[in-house]
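This is what each chain is made of:
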Amino acid sequence: MAAPRPAAGREALETCSLESILEALKLLLSPGGSDSGSLLITKHDVLLATLNSNLSALEDKLLKDPHWEKLKLLRDEMANKAERPQNSVDVTWNFTSQTLLLLLCLKETMIHLAASFNPGKPNPRTPEAAPALSPDTLSISQQKTVQSALQFVVTLGVCPYLMPGVGVPLRCRTEFGAVVQDVVCLDAPPHAARRLYTSCKLLLNVAHHTSLGSLIFSRHFGDVAAGLCQLGFCPNKGRSQKPEEEVLTEEERTLSREALRDILDQAYQPLAVRELLILQGGPPQSCMDEKTQVRCRAPAWLRRLCGQLLSERLMRPSGVQAVVRGILEGAGEIPESDMVPGIILVTEEELNRCIEDVYKVYVVGNDPVTVLVDSLLPVLGVLFSLYSFTKQSVSHIRSLCQEILLWILGKLERKKAIASLKGFAGLDKSASSLHSLCQLRAATQGGIIVTIKEAICDEDEDEALYQKVSSEQCRVEHLGDLLSHCQECGLAGDFFIFCLKELTHMAMEDEAELKTKPFSSKSLLELEQHQTLVEGQEQKVLILHLLAVLCERMSEQIFTNITQVVDFVAATLQRACASVAHQAENPVESQTLSMSMGLVAVMLGGAVQLKSCDFAVLKQLLPLLEKVSKVHPDPVIQELAVDLRITISTHGAFSTEAVSEAAQSTLNKKDAEGKIEERQQTSQSYADESHLKQQQSHEKSKETTLKSPTPLIPQEVSEPRMTTNQKSGSITTDQLQEVLLSAYDPQIPTRAAALRTLSCWIEQKEAKVLEMQEKLLKIFLENLEHEDTFVYLSAIQGVALLSDAYPEKILLGLLAQYDSDKDKHTPETRMKVGEVLMRIVRALGDMVSKYREPLIHTFLRGARDPDSAHRASSLSNLGELCQRLDFLLGSVIHEVTACLIAVAKTDSEVQVRRAAIHVIVLLLRGLSQKATEVLRDVLKDLYHLLKHVVHLEPDDVARLHAQLALEELDEIMRNFLFPPQKLEKKIVVLP
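Labelled according to an unreviewed UniProt entry, the chain appears under the name Transport and golgi organization 6 homolog, originating from Canis lupus familiaris. UniProt lists a comment for the chain under the heading Sequence similarities (unreviewed entry), and it reads "Belongs to the Tango6 family."

Caption draft 1: Expanded view of the overall build of the chain. From N to C terminus, the chain includes 43 helices and three strands. The contacts in the chain between residues at least 6 apart in sequence include a share of 73% that link residues at least 24 apart. Of the roughly 52,000 Å² of accessible surface on the chain, a fraction of 53% belongs to carbon and sulfur atoms.

Caption draft 2: Representation of the sheet that holds strand 1 (residues 344–346) within the structure. Here three strands make up an open sheet; going across it, the order is 1-3-2 and the pairing antiparallel. Across the chains shown, the open sheet's two edge strands, defined by having one partner strand only, are strand 1 and strand 2 (438–442). Between one strand axis and the next, the sheet turns by 45° as a mean value, whatever way the strands run. Here strand 1 runs beside strand 3 (residues 448–452); their pairing, made up of two bridges, is antiparallel.

Caption draft 3: A look at the packing of helix 2 (residues 18–29) against helix 5 (residues 91–115). Taken N-terminus to C-terminus, the directions of helix 2 and helix 5 make an angle of 165°; their axes are 10 Å apart at the nearest point. Between helix 2 and helix 5, the interaxial angle falls into the category roughly antiparallel. As for the relative orientation of helix 2 and helix 5, their crossing is left-handed in sense. Packed against helix 2, whose contacting residues are L18, I21, L22, A24, L25, L28 and L29, the element helix 5 presents F95, Q98, T99, L102, L103, C105, L106, T109, M110 and L113 at the interface.

Caption draft 4: View of the UniProt feature "domain: RNA polymerase II assembly factor Rtp1 C-terminal" (unreviewed entry) in the chain. Per the UniProt record, the feature "domain: RNA polymerase II assembly factor Rtp1 C-terminal" (unreviewed entry) sits at residues 736–847 and 939–971. Its end C-alpha atoms 14 Å apart, residues 939–971 is made of 91% helix and 0% strand.

Caption draft 5: Here's a closer look at the packing of aromatic side chains. Overall, the coordinates contain six aromatic pairs when judged by the stated rule. The interplanar angle of 65° and the centroid separation of 5.8 Å between the aromatic rings of F95 and F152 together place this pair among those described as edge-to-face. Of this pair, F95 sits in helix 5 while F152 sits in helix 6 (residues 140–157), placing them 57 residues apart in sequence. With relative accessibility at 0%, the residue F95 sits in the buried group.

Caption draft 6: Molecular detail of the environment of I748. Tracing the sequence through the fold places I748 in helix 31 (residues 748–763). In the structure, I748 is positioned 42 residues away from F790 in sequence and 8.2 Å away in space, judged by C-alpha atoms. Leave out the neighbours within four places in its chain, and I748 touches H786, D788 and V791.

Caption draft 7: View of helix 35 (residues 807–819). The end-to-end C-alpha distance of helix 35 is 17 Å, a good match for the 18 Å that 13 residues give at a rise of 1.5 Å each. For helix 35, every residue scored as buried is listed here: P807, I810, L811, L814, L815, Q817 and Y818. The arc that holds every buried residue of helix 35, seen down its axis, measures 165°, which confines them to one face. Elements that come into contact with the buried residues of helix 35 comprise helix 33 (773–783), helix 34 (789–805), helix 36 (827–844), helix 37 (852–862) and helix 38 (868–885).

Caption draft 8: Looking closely at the pairing of strand 3. The buried fraction of strand 3 amounts to five of the five residues, a majority that puts the element mostly inside the structure. The side-chain alternation of strand 3 yields two buried faces, one formed by I448, V450 and I452 and the other by I449 and T451. Connecting strand 2 to the next strand, strand 3, in antiparallel fashion are five residues, including G446 with a positive phi near 90°.

Caption draft 9: Representation of the pairing of strand 2 within the structure. Relative to strand 3, strand 2 runs antiparallel, the two sharing five bridges. By the bridge assignment, R441 is partnered in strand 3 with I449.

Caption draft 10: Region of the structure containing the pattern of salt bridges. Tallying each qualifying case throughout the model produces 22 salt bridges. Between D76 and K72 there is a salt bridge, and its shortest N-O distance comes to 3.3 Å. Linking D76 with K72, this pair stays in helix 4 (residues 69–81), spanning four residues, or about one helical turn. When its relative accessible area of 19% is taken as the criterion, D76 is described as buried. Note that R914 is salt-bridged to D955, the shortest N-O span being 2.8 Å. With R914 in helix 40 (residues 910–927) and D955 in the loop between helix 42 (939–952) and helix 43 (956–977), the pair connects residues that are 41 residues apart, well separated along the chain. On the accessibility criterion, R914 (29% relative accessible area) is partly exposed. Taking the relative accessible area as the measure of exposure, D955 reaches 13% and is therefore buried.

Caption draft 11: Representation of helix 25 (residues 622–631) in the model. L622, L624, L625, V628 and S629 are the residues of helix 25 that are buried. In a view along the axis of helix 25, the buried residues occupy a sector of 165°, so they form one face of it. Turned more than 90 degrees away from the buried face of helix 25 sit P623 and K630, all of them exposed.

Caption draft 12: How the structure looks around unusual backbone geometry. Residue P190 follows P189 across a cis peptide bond; omega there is -5°. Note on placement: P190 falls in the loop between helix 7 (175–183) and helix 8 (192–206).

Caption draft 13: Seen up close, the confidence of the model for the chain. When pLDDT is averaged along the chain, the result is 75, and 77% of the positions lie at 70 or above. Within the model, the stretch residues 238–245 combines pLDDT values under 50 with one contact to residues more than four positions away or in other chains. Confidence over residues 285–294 falls short of pLDDT 50; this stretch has five contacts with residues more than four positions distant or in other chains.

Caption draft 14: Broad picture of the packing of helix 34 against helix 36. Contact geometry for helix 34 and helix 36: axes closest at 9 Å, N-to-C directions at 40°. Between helix 34 and helix 36, the crossing angle belongs to the class labelled oblique. Seen along the crossing, helix 34 lies across helix 36 with a hand that is right-handed. Contacts between helix 34 and helix 36 involve Y792, I796, Q797, V799, A800, S803 and D804 on the former and, on the latter, K832, E835, V836, R839, I840, A843 and L844. When the residues that make up the contact of helix 34 with helix 36 are grouped by side-chain class, the tally is eight nonpolar, two polar and four charged.

Caption draft 15: Inspection of a nonpolar patch on the surface at higher detail. Residues L314, M315 and V320 make up a contiguous nonpolar surface patch of about 320 Å² in total accessible area. Looking at the secondary structure, you find M315 in helix 12 (residues 300–315). M315 gets classed as exposed once you look at its relative accessible area, which sits at 69%.

Caption draft 16: How the structure looks around the environment of L231. Along the chain, L231 falls in helix 9 (residues 210–233). When the C-alpha positions of L231 and S256 are compared, they lie 6.2 Å apart, and in sequence the two are 25 residues distant. Non-local contacts of L231, meaning those with residues more than four positions away in its chain, are made with A193, L196, Y197, C200, L248, R253 and S256.

Caption draft 17: Local environment of the state of the cysteines. Counted by the stated rule, this structure contains zero disulfides. The thiol of C401 is unpaired, and the distance to the nearest cysteine sulfur, on C354, comes to 9.6 Å. For C401, a relative accessible area of 0% translates into the label buried. Unpaired in this structure, C486 has its nearest cysteine sulfur neighbour in C489, at a distance of 5.0 Å. Under the relative-accessibility criterion, C486 is labelled buried at 3%.

Caption draft 18: Inspection of the side chain of S20 at higher detail. Looking at the secondary structure, you find S20 in helix 2. Apart from the residues within four sequence positions on either side, S20 is in contact with W68 and L71.

Caption draft 19: Spotlight on the environment of T137. Residue placement: T137 occurs in the loop between helix 5 and helix 6. For the pair T137 and L113, spaced 24 residues apart in the sequence, the C-alpha separation amounts to 9.5 Å. Polar side-chain contacts of T137 include one of 2.8 Å to the backbone oxygen of S134.

Rules and cut-offs
- Residues numbered from 1 in each chain as written.
- Predicted model: local features only at pLDDT ≥ 70, side-chain atom pairs only at ≥ 80, totals over all residues.
- Heavy atoms only, no water.
- UniProt positions renumbered as here; feature names shortened; annotations may be inferred.
- Helix = DSSP H or I, 4+ residues; strand = E, 2+ residues; numbered from the N terminus.
- Contact = heavy atoms within 4.5 Å.
- Areas by Shrake-Rupley, 256 points an atom, 1.4 Å probe, with all protein chains shown as cover.
- Pairing = 2+ DSSP bridges.
- Axes fitted to C-alpha atoms, helices over the stretch in contact; angles between N-to-C directions.
- Parallel < 35°, antiparallel > 145°, perpendicular 65-115°, else oblique.
- Left-handed = near helix turned anticlockwise from the far one by under 90°.
- Phe/Tyr/Trp six-rings, centres within 6.5 Å; stacked < 30°, edge-to-face > 60°.
- Buried < 20%, exposed > 50% of the residue type's maximum accessible area, 1.4 Å probe, protein only.
- Expected span 1.5 Å × (residues − 1).
- Arc of directions from axis to C-beta.
- Salt bridge = Lys/Arg side-chain N within 4 Å of Asp/Glu carboxyl O.
- pLDDT = per-residue confidence, 0-100.
- Nonpolar A, V, L, I, M, F, W, Y, C, P; charged D, E, K, R; others polar.
- Patch = residues over 30% accessible without salt bridge, like charges linked within 9 Å, V, L, I, M, F, W, Y side chains within 5 Å.
- Disulfide = S-S within 2.5 Å.
- Polar contact = N/O pair within 3.5 Å; in protein donor to acceptor, adjacent residues only side chain to side chain.

This is the structure in structure tokens:
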């Protein structure tokens, strides 16, 4: 009797259609006679009655309807193959069993249809025609039916049988989940573990078909994984159970463990990481509300298992990327139907921990791996939303969000960084951002929580519009604040130029006027065009707002290299040409055009020490200048454009009078503006103007930096009458201004003489000079960049004298510049600042003890710098400092000694090892007889180091330094052990 069954099953499989199986699933899942519109909102008795009714209706249909005879045969065949799930008095389990059998029938039918599918050859005459679909393809409505069936199987056949703490409880999910938890009868046979095993086993069987597997694991991966974890790894409560008493055999537990590892290996790894983290759970939570459902903490065996599985995910190829993505994508997606206004999606503690973890991994770790940097891109919009929200109130995570954003913007490629800033500003609607139904709210402990946004009534449309406009304004202003920290790297300047180009692009487009034609009389195409036009206008307003904020927040230092200045001028010229083409020129744009062309004239006039590569960049302006010379209506601008083209083409060899006049006019305008703003500080205002184009570029050394701000100095000013023997208070404002201008003179002797004169005036305590300490410091620091030895040595002397007069205001800034990385300052500049610091230490004398901590820490950090020359400089300065601290070395002597020992033994550069040994020589020579007291704890270590160098160091100079140090130490110890006898006679007066 058993033999015909397979044949009947195969016949049923060949004739049974997908439609009949899906119709049976619909019948099983229908709401039945309930008054409710959906089975999901029924309660207790109604739910049980509906399940019973649907089961009976399905059996009647299978028995009485001849069209369903093949389906009944196939279902019976699947039940025999799958070892038919045991019937139970529990209606929910019978319902789950029937649903699983129908899903198995669906899977087998789809596999059979796919195997018998033989698509014909494509017609070469119609290559654009779509290929024929496989017969096992499910439509959208059919996929929804299968998803509903799977949801019932998981809800009724998996989740109720999970132990407390394993997975997310049904009560914490939906109202229907709480109802299911109450109606499932766990006491009725079969055993709960057997039910769970059967459900997971058959679900994995159904998942063998690719499309069905994607439907299962895309939504129910976590529940299936939780069931397999419990089946395969949950320890038995009593090991004394007999084999016949155990619910699951050891073989079944082994199969469950293997199935778990298989689905984890085959799944999308970030998804697997996220679900394992959810299973592992967090620390115990305290219930703050009686209505709040708090899930139990995961049991210890599950936490250990998830930790082990997560470690395995991490060790796989691209494991770090998968773990990071799993964490960042772990915010989860909640169906909009389940979103209730006011519900907290992310608590304050969770968000704080997340931000702190991201800060530690990215900023503190500071490992700009491409994979790590790219993994943060999908959440940059949310991070900026957090940063913008914290700017509106007081929050302790503001600095963390700012540091993360600055780190990622600095590490990204420039194109990606600009694209991210577009998303921050709202120019790119496709950029990632906070979900439209979510909102940020301030928490009680100074943090932030994420909640569901409340729906806005029709009466509150004006309020909603106001909130939208105000939020956009705040976002742009906060972006300006963020970019104010990105000026040195050039990102702020590049984004400013991008906004100018966008504005130019909009000006070049035909501006259609908004028609007043009523909407009712417009066609659909006209409505779409009107909407596109409105969006374009909004975009233009946003860009104008951005430019206004950037102009207000950014300083004159926004452009850091010649390329950015040329791009700025090119954008201005393009916009001018577009305005002329549309006959929309206005006085503001004419003034902007004159200013930009004057800026080019100033650069060509000598404000910048241009090289051949810089002229290659300037040649990008030639086509635009030619176009301006032809189309602009103003003959003066036409002539200036022609002259500028000639000057650029000849690399400055030929320059007309018009170029010089334009440059001088631009400088005079700036000078006049400075006089209006600072009437009582004439000389300072002129220096501010001259400093406009003086900012040093922090790019690579190949790029030209903007150094000399005043290209056109009259002949009588170029060689000032500078005297160094004037009495205090005898210099005039004109003399001071003359010297300040000469400090930027392109002639090296004039510039060096001006710097020397300023240094002498500082040494003589001239009141007018000392009032300008900040401006003088800028002048000296800028001249440190000069290549000529006479100039930068004069600047070093000036900074040292100025620091001696105002150490508190200047020393810390110099230390920060010395301690900066090589991307901000060139190695040569840092070395020059190191020379300044050494002179300051010598000049301060005993007062250096007040600045002991920042000096020592800066030099110790410098001893670990990647640049060998900077390491040697830091060690040299450290020796100079230690020589003067004497007994104040006490608390840091161990750090200094450890640093010297490590460098002398392990550094690969000879000059650095020499410097370390020389520090010991200076230390012993400076302390002299006090060395036995100051160095008593480390003297033995220093002695062993010197002996090590003498015997093992290959460099002769280092060995010589070590030998000199040993001789100093020998002399000190001899005087300590055998102090010189003093022939003196003491007279004591007795009382």
